[in-house]
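Residue-level structure breakdown
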Amino acid sequence: MKKSKLAILGTGNIGRAMALGLAAAGRFKPGEMILTRRHSDLLDDLAKQGFRTTSDNEDAVRAADIVVVSVEPQQLDGVLLSVRESIDPERHILISVVSGASTAAILDRVGKDLPVVRAMPNTAVALGQSMTCLAVSTDRDDVRERAVAIFDTVGKTLVID
C-alpha cells in the first residue's frame, strides 16, 4: 500500500486523539502528519513529539495526500472554502469526521469531484480502541482500502455502503 502523508485540519480533541493513535500504532510517523489549529501554539506539545504543526490549512493540504477535516460543524464551510484551491481530486482523499456534514455538502463547498470518506471515530482512537464507521463516496477500491487501513490501526472499522 502506498505510503501517505496525512493532514489533520482542526486538531482539537478528536484530531489530537487521531494523531496520537495513528503514531502510537505506527501507521504514520509523527513527521508524516501535518496538524493544524487556528492557535497553533496549542499544539506545541505535539510539535515537541515530532509532529508538524501549523495554523495554515492550505500548506497542510499541499503537503499531504490524505486530508482529515476535524473541525466543529460551524467551521466546516470556512475551512473547505479556504482549501478548495489546494485540493487536487487526482491526489487527495478527504476524510471528514465532522458530525452532520453530508458528502454532498462537502463536495459542494470544495467544488470538485474528489473521494470523500465520512468517518465517525471516538476519542478511544488515541488508545487503538475506537469503533469507527465509514461511509465512502466512491466505488474506488483504493480509497476504501486506504481509509480502512488507517482506521483499522486504531481500532475496528465498519464500512457502511
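Note that the coordinates shown come from a computational prediction; the quantities given were computed from them, not determined experimentally.

Thoughts on the pairing of strand E6 (residues 116–120)
Bridge analysis of strand E5 (residues 93–96) against E6 gives three bridges, and the strand direction is parallel. When the sheet's bridge partners are listed, Ile-95 is paired in E6 with Val-117. Remark: the E5/helix H5 (residues 103–110)/E6 crossover connection has right-handed handedness. Here four bridges tie E6 to strand E7 (residues 130–136), and the two strands are oriented antiparallel to one another. Across the sheet, the residue bridging to Arg-118 is Ala-135, located in E7.

What to know about the packing of aromatic side chains
Applying the stated criterion to the full structure yields zero aromatic pairs. Cation over ring: Arg-27 sits above Phe-28, and NZ or CZ is 4.9 Å from the ring centre.

Some points on the sheet that holds strand E8 (residues 155–160)
Read across the sheet, eight strands follow the order E3-E2-E1-E4-E5-E6-E7-E8 without closing on themselves; strand pairing throughout is mixed. The open sheet has two free edges, formed respectively by strand E3 (52–54) and E8, since each of these has just one partner strand. Here the average twist between neighbouring strands, direction ignored, is 20°.

Thresholds applied
Residues numbered from 1 in each chain as written. Predicted model: local features only at pLDDT ≥ 70, side-chain atom pairs only at ≥ 80, totals over all residues. Heavy atoms only, no water. Pairing = 2+ DSSP bridges. Helix = DSSP H or I, 4+ residues; strand = E, 2+ residues; numbered from the N terminus. Right-handed = clockwise from strand over helix to strand, strands pointing away. Phe/Tyr/Trp six-rings, centres within 6.5 Å; stacked < 30°, edge-to-face > 60°. Lys NZ or Arg CZ within 6 Å of the ring centre and 35° of its normal. Axes fitted to C-alpha atoms, helices over the stretch in contact; angles between N-to-C directions.

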